[in-house]
Amino acid sequence: MSVTTTSAPAPRSGGRTPRRYLLAAAALVVIALVSVLVAAHSDPTSISGKVDTKHLPNKGPAPALQAKGWINSPPLTPAALKGKVVLYDFWTYSCINCVRTIPYVRSWYDRYKADGLVVIGIHSPEFDFEKVHKNVQDAVKKDDIPYPVALDDDMTIWNAFQNQYWPADYVADRNGDLRYTHFGEGDYTDTENVLRTLLGVPTTAPRASTVHPEAESDSQTNPETYLDVEHGQIGVEAGVHSYTAPANVPSPNVALGGSWNGEDDKLVSSAPNATLVLGAHAESANIVLGTSTGRPIDVVVALDGRPVPANLRGADVHADASGQTHITVTMPGMYRVLLAPGVQDHQLTFVAQSAGLEAYDLTFG
């Protein structure tokens, strides 16, 4: 049995909260209209235009933070935030779009904390493994996040802000009132200008340090793809089944080989050599993996049937003494597989070396 991708599903109501991104599109009719497409697994772009920092709307008081725990800080109460400009950054650690914003948020924290800026990362998890505080602590360390992180395990803060997207930024002034909101990646200069205005930083003062982001492309790439039963993107069946992958899997399809257990939120390899084959049309490719055994699981990775060349390897791919390329899954999270100089077409193959590999999601850039 082979499994291939279908069109991306509409946002679901009920059940597990889908990751929602923003895709800005121009309507080519009589006038240029900007419409917002809200869908799971679309690459987010900004819906904000240029911001008039002299006329920021007042959207009322920011909600108090009822977190399940804190990293890098004791609990921050409204009293602790009084007189501060606060940037609330909603993220979750397996989200590539969130991870790409972190260097910018960190640079603002470093530059403006002495001027009265408080940055709070609101970690609102999508997957169950992102509710494990130790996993979030490890991700905070890995991504070098120095500012406070509120653990929003049950989405209480998310709901209080009526938020719908990862990533999302909300900025409150020194009176505690929300004055600016931005969804998705991009518009970093506008966000910094809002922070500087609310902080009263002189226009001649130095700006935050320059960030060198991952290369981006305007070319169409694979849609973000869930590897589970619930979303129905790859047509996988519930329960344990044996699959046979075809020799060629064109973009944006996914095929399985060997024995996999289809669950609502993931696939789990039920025997060694369970295989996932991806037709990738992308510049970068990442996969969210975990281990149900509590022990590291090795995954052999091939690009077009051969070891991944050194110049195309993502940060989490390594080669053994024989030249074979692998990912070693030690904790649930996002693993970077492919990083090319531009959008390319490839076939990526992942082979679990033991049972218990959890596969959740594929993301692209």
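Computed from a prediction, not measured in an experiment: that's the story for all the values here. (Residues numbered from 1 in each chain as written. Predicted model: local features only at pLDDT ≥ 70, side-chain atom pairs only at ≥ 80, totals over all residues. Heavy atoms only, no water.)

Visitor: How would you sum up the side chain of Arg 179? Please name residues and give values.
Guide: Tracing the chain through its elements places Arg 179 in strand β8 (residues 178-183). A polar side-chain atom of Arg 179 sits 2.9 Å from the main-chain carbonyl oxygen of Leu 56. A polar side-chain atom of Arg 179 sits 3.1 Å from the main-chain carbonyl oxygen of Pro 57. For Arg 179, the residues in contact, after removing those within four places along its chain, are Leu 56, Pro 57, Asn 58, Val 171, Ala 172, Asp 173 and Leu 198. (Helix = DSSP H or I, 4+ residues; strand = E, 2+ residues; numbered from the N terminus. Polar contact = N/O pair within 3.5 Å; in protein donor to acceptor, adjacent residues only side chain to side chain. Contact = heavy atoms within 4.5 Å.)

Visitor: How would you sum up unusual backbone geometry? Please name residues and give values.
Guide: With omega at -15 degrees, the peptide bond leading from Trp 166 into Pro 167 counts as cis. Here the amide bond leading from Ser 251 into Pro 252 is cis, since omega sits at 0 degrees, within 30 degrees of zero. In this fold, Pro 252 is placed in the loop between β10 (239-243) and β11 (254-262). The backbone of Asn 72 shows a phi angle near 70 degrees, a positive value even though the residue is not glycine. Positionally, Asn 72 belongs in the loop between β3 (70-71) and α1 (78-81).

Visitor: Tell me about empty space enclosed by the protein, and please be specific about residues and values.
Guide: As enumerated under the stated definition, the model contains two cavities of 30 Å³ or more in all. By volume, the largest cavity amounts to about 60 Å³. Taken together, Asp 89, Thr 101, Trp 108, Pro 167, Ala 168, Asp 169, His 182, Gly 184, Glu 185, Gly 186, Tyr 188 and Thr 191 make up the lining of the largest cavity. Of the residues in the lining of the largest cavity, the class split is four nonpolar, five polar and three charged. By volume, the second largest cavity is sized at about 50 Å³. What lines the second largest cavity is Trp 260, Ala 274, Leu 276, Ile 287, Leu 289, Val 299, Phe 350, Val 351, Ala 352, Leu 357 and Ala 359. Its residues placed into classes, the lining of the second largest cavity shows 11 nonpolar, no polar and no charged. (1 Å grid on protein atoms, 1.4 Å probe; cavity = no way out; pocket = protein on both sides within 12 Å on 5 of 7 lines; lining within 4 Å. Points joined across faces, edges and corners; volume = space filled by probe spheres on them. Nonpolar A, V, L, I, M, F, W, Y, C, P; charged D, E, K, R; others polar.)

Visitor: Break down the nonpolar core for me, with residues and values.
Guide: Among the nonpolar cores identified, the biggest contains 65 residues, and Tyr 88, Trp 108, Leu 117, Ile 120 and Phe 161 are the most heavily contacted of them. If one sorts the elements of this core by residue count, helix α2 (residues 96-112) sits on top with nine residues. Within the second largest apolar cluster, 36 residues are counted, among which are Leu 256, Ala 280, Val 299 and Leu 303. (Core = buried A, V, L, I, M, F, W, Y, C linked by side-chain atoms within 4.5 Å. Buried < 20%, exposed > 50% of the residue type's maximum accessible area, 1.4 Å probe, protein only.)

Visitor: I'd like to hear about the pairing of β11, residue by residue, with values.
Guide: The buried fraction of β11 is high, at seven of nine residues. Pairing of β10 with β11 involves five bridges; the strand directions are antiparallel. Looking at the pairing, His 241 lines up with Trp 260 of β11. Bridge count between β11 and strand β13 (residues 275-291): four bridges; the pairing is antiparallel. Paired with Gly 257 across the bridge in β13 is Thr 275. With three bridges joining them, β11 and strand β12 (residues 267-269) adopt antiparallel strand pairing. Residue pairing for β12: Trp 260 is matched across the bridge by Ser 269. Linking β11 back to β12 in an antiparallel pair, the connection comprises four residues. (Pairing = 2+ DSSP bridges.)

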